[in-house]
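Each chain, letter by letter, is given below.
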Amino acid sequence: MGADGKLDVDLDSQKYIKVWQGPNHPGVTGNMSLELTISGDEVVDAKTHVGYLHRGFEKLFERRKYIQCFPTCIRMCVPEADSNEYCLATGTEELGGIEIPDMAKWLRMLALEMARLQALLRIVPGQGGTMGLGIGVQWGLYVRELILDRFEELTGGRIYHMYILPGGVRGLLPDGFAARMEDNLKKADQFVKDIQDLMYNNAVFKKRTNGIGYIDPSWVDSFGIVGPVARAAGVKRDVRLDYPYLHYDKLEFDYNIETGSDIYARSMVRLKDLKTTIDLIRQILAKMPDKGDIKASTPNVLHWKIPKGETYVKSESSRGEYGFYMVADGSEFPRRINLRGPSYTHAVPLLEKLLINANISDVSSIMVSLGTCPPEIER
Amino acid sequence: MKKIVENIKTRFKVSDVIHQRENMTFVTTGKESAIPLITWLRDYEGFSHFILLSTVDWNEDGFFQLTYLLNNPVKKVDLGIRTFILRKNAEMTSAHHLWEQVATYQREIKEMFGINFPGSPRVDESFLLEGWDDVPPMRREFDTKEYSEKTFFPRPGRESNDPATYMKSKLYPNEEK
């Protein structure tokens, strides 16, 4: 130990080696590097290196009109692009003094839950994928493709949708959409049963996730932990329930909680989230009106000067609190748009701490269990 | 939320109180009192969740705005603490001792805006950019287009359009210029 309490690593002693994991990513995260110092098969020091997906989005926003920011913002987290659309649209509406119609709120909520469903269909089996359990990933991606079919039907796009825009949404549900979605949801129900048998009841999966990557519940506040990672530590955090937006207060659901606070608990929370999301989509389709205005009147978006002001808007993504801090200076261009994504705290300070004393074979499992998504760190 | 702001006012000098929403308020305070204020909010008012630290460059006025966004998970309210520092002497007291993730925000801000946070862990290590030797890129005076033209070779045959003009000509071809 050095005077600063940190480990003195002498690579020439042959007790330690440096291993770089990445920037190729281990499955479902995204490109980032981990600089690992290894002793035997134990990690003794870890540093995250991001920047491989930095495209300067927040800088670009300052040179673009609000509406021109939409095609850019959705790329800040590819697996769940709709949270970006929602936050940017809601922040613009709040600063611009626009109230959206009731029908648009239902449709936004549907799009956000569909986005959560397709994201969870990747990450739930993806956790097993980090341990070589690849078949679950194939099953999940099959059902995800079906949900992307519905997205294509609703919005014209599969991954990036551009459906939520300032003032409302771009279109009503196509005829027969609810019935086709119900068919897909039945497949998702079956996937939930299958993945429980395949992954959650698998002895190897249990052995490699129970007690691994433990997060002390007291770290939730000190590290800014949100979403499923906080809920797996027994802490109730869900923006949809804590700060109800759109019509979430009209839906019936509760916090999905576990107390193990290890990889298994986080996987279990995500599985419960998956079941909840399937149920929420059914509730939304049953409760939403058939018709209604879908877009409020807005000024010409190419000449829209947003009054001076600032706000922070947030939503619950599949990975937790996802927010935009927005500052307007009275011009047609945003002064500042700053994304707060869960990975900023989960995948940098928290991951670096969790990897200490971890076995090198568990590194990618821990990384995936935190919901790592590097583009939202780099923006 | 108003009660919390009244409590703040009894201990700290704050101005420009804006109740943005029922559960979201912004206040401005001086550079010297910003860190004591957020420490007090964390320890005595239950703002235990640190959402983010953000910077806004008001280059025409010669200031950087630092915004510390805090959340009280029990009362379910958000509070933004704004403080302004001179661009000429871009330095701020570090808050890394309050929440673990603050050091990461400060490290990024040092790289992107050139604001120093003395004592903050790894603040001088590059975060996203390796070997950057130009103006900190998130400062308003840094021109991305000019940098690209200066740094990268133009591709022959490539046509560029001003996005706003091009979009307008496509969407509203009959509208007067």
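Provided above is the structure to which this section pertains.
S.K.: Any chance you could explain the overall build of chain A here in plain terms?
M.R.: The helix and strand tally for chain A stands at 14 helices and 8 strands. In terms of overall dimensions, chain A is globule-like: its C-alpha atoms have a radius of gyration of 21 Å, near the 21 Å expected for 379 residues. Each principal axis of the C-alpha atoms in chain A carries an extent, and together these give about 70 × 50 × 30 Å. Out of the 379 residues in chain A, the part that is buried amounts to 52%. Restricting the contact set of chain A to residue pairs at least 6 apart, pairs at least 24 apart contribute 71%.

S.K.: What is the right way to look at the overall build of chain B in this model?
M.R.: Within chain B one finds 5 helices and 5 strands. When the elements of chain B are put in sequence order from the N terminus, they spell out α-β-β-α-β-β-β-α-α-α. Relative to a compact globule of 177 residues, whose C-alpha radius of gyration would be 16 Å, chain B shows 21 Å and is clearly more extended. Its C-alpha atoms put chain B at 65 × 45 × 30 Å along the principal axes. Here chain B holds 177 residues, and 33% of them are scored as buried.

S.K.: Help me understand the pairing of strand β1 (residues 17-21) of chain A in this model?
M.R.: When a strand is regular, its side chains alternate between the sheet's two faces. All names here are of chain A. Of all 5 residues that make up β1, 0 are buried, and the element is exposed over most of its length. Here 5 bridges tie β1 to strand β2 (residues 33-39), and the two strands are oriented antiparallel to one another. Each residue of the ladder has a partner; that of Trp20, found in β2, is Glu35.

S.K.: Just checking my understanding: could you explain the sheet that holds strand β8 (residues 334-340) of chain A for this structure?
M.R.: Picture the strands of a sheet paired through backbone hydrogen bonds; they go either parallel or antiparallel. Residue and element names in this part refer to chain A. Spatially, β6-β7-β8 is the arrangement adopted by the 3 strands of the open sheet, whose pairing is antiparallel. The open sheet has two free edges, formed respectively by β6 (309-317) and β8, since each of these has just one partner strand. In this sheet, adjacent strand axes meet at a mean angle of 15° when their direction is disregarded. In this sheet, β8 lies alongside strand β7 (residues 320-328) in antiparallel orientation, the contact comprising 6 bridges. Residue pairing for β8: Gly323 is matched across the bridge by Arg340. Contacts from helix α3 (residues 82-96) reach β6 and β7 within the one sheet, and its direction differs from that of β6 by about 150°.

S.K.: Help me out: how do you make sense of the environment of Leu173 of chain A in this one?
M.R.: Residue and element names in this part refer to chain A. Along the polypeptide, Leu173 turns up in the loop between β5 (168-169) and α6 (177-200). For Leu173, a count of 17 C-beta atoms within 10 Å corresponds to the partly exposed category. Considered as a pair, Leu173 and Leu154 are 19 residues apart in the sequence and their alpha carbons are 6.2 Å apart. Filtering out sequence-adjacent residues up to four positions away, Leu173 remains in contact with Leu154 and Ala178.

S.K.: What is the right way to look at the environment of Pro137 of chain B in this model?
M.R.: Following the sequence through the fold, Pro137 of chain B ends up in the loop between α3 (102-113) and α4 (144-151). With 19 C-beta atoms counted inside 10 Å, the residue Pro137 of chain B sits in the partly exposed group. Sequence separation between Pro137 of chain B and Phe113 of chain B is 24 residues, and the spatial gap between their C-alpha atoms is 6.8 Å. With near-sequence residues (within four places) excluded, Pro137 of chain B lies in contact with Lys59 of chain A together with Met112 and Phe142 of chain B.

S.K.: What am I meant to see in the packing of α6 of chain A against helix α11 (residues 263-287) of chain A here?
M.R.: Two measures define how a pair of helices packs: the angle their axes make with one another and the distance between the axes. All names here are of chain A. Axis separation between α6 and α11 bottoms out at 11 Å; the angle between their running directions is 165°. Between α6 and α11, the angle falls in the class roughly antiparallel. Judged by the sense of rotation from one axis to the other, the crossing of α6 with α11 is left-handed. Residues Ala178, Met181, Leu185, Ala188, Asp189, Val192 and Tyr200 of α6 pack against Leu271, Leu274, Lys275, Ile278, Ile281, Arg282 and Leu285 of α11. Of the residues contributing to the contact of α6 with α11, the split by class is 11 nonpolar, no polar and 3 charged.

S.K.: How should I be thinking about the interface of chain A and chain B in this particular structure?
M.R.: By a frequent convention, interface size equals the accessible area lost on bringing the separate parts together. Taken together, the 30 residues of chain A in the interface contact 30 residues of chain B. Of all the elements in the fold, those that place two or more residues in the side of chain A that touches chain B are α8 (219-222), β6, β7, β8 and α12 (342-355) of chain A. Residues belonging to the side of chain A that touches chain B are distributed by class as follows: 10 nonpolar, 10 polar and 10 charged.

S.K.: I'm lost on the sheet that holds β1 of chain A in this one. Help?
M.R.: Residues and elements named next belong to chain A. Strands sit in the order β1-β2-β3 across an open sheet of 3 strands; the sheet is antiparallel. This sheet does not close on itself; its edge strands, each paired only once, are β1 and β3 (42-49). Direction aside, neighbouring strands of the sheet carry axes that sit 25° apart on average.

Definitions and limits used
Residues numbered from 1 in each chain as written. Chains lettered and ligands numbered in written order. Predicted model: local features only at pLDDT ≥ 70, side-chain atom pairs only at ≥ 80, totals over all residues. Helix = DSSP H or I, 4+ residues; strand = E, 2+ residues; numbered from the N terminus. Rg over C-alpha atoms; globule rule 2.2 N^0.38 Å. Buried ≥ 20, exposed ≤ 12 C-beta atoms within 10 Å, placed from the backbone. Contact = placed C-beta atoms within 7 Å. Pairing = 2+ DSSP bridges. Axes fitted to C-alpha atoms, helices over the stretch in contact; angles between N-to-C directions. Parallel < 35°, antiparallel > 145°, perpendicular 65-115°, else oblique. Left-handed = near helix turned anticlockwise from the far one by under 90°. Nonpolar A, V, L, I, M, F, W, Y, C, P; charged D, E, K, R; others polar.

Everything listed here is a matter of coordinates, which is why it stays silent on function.
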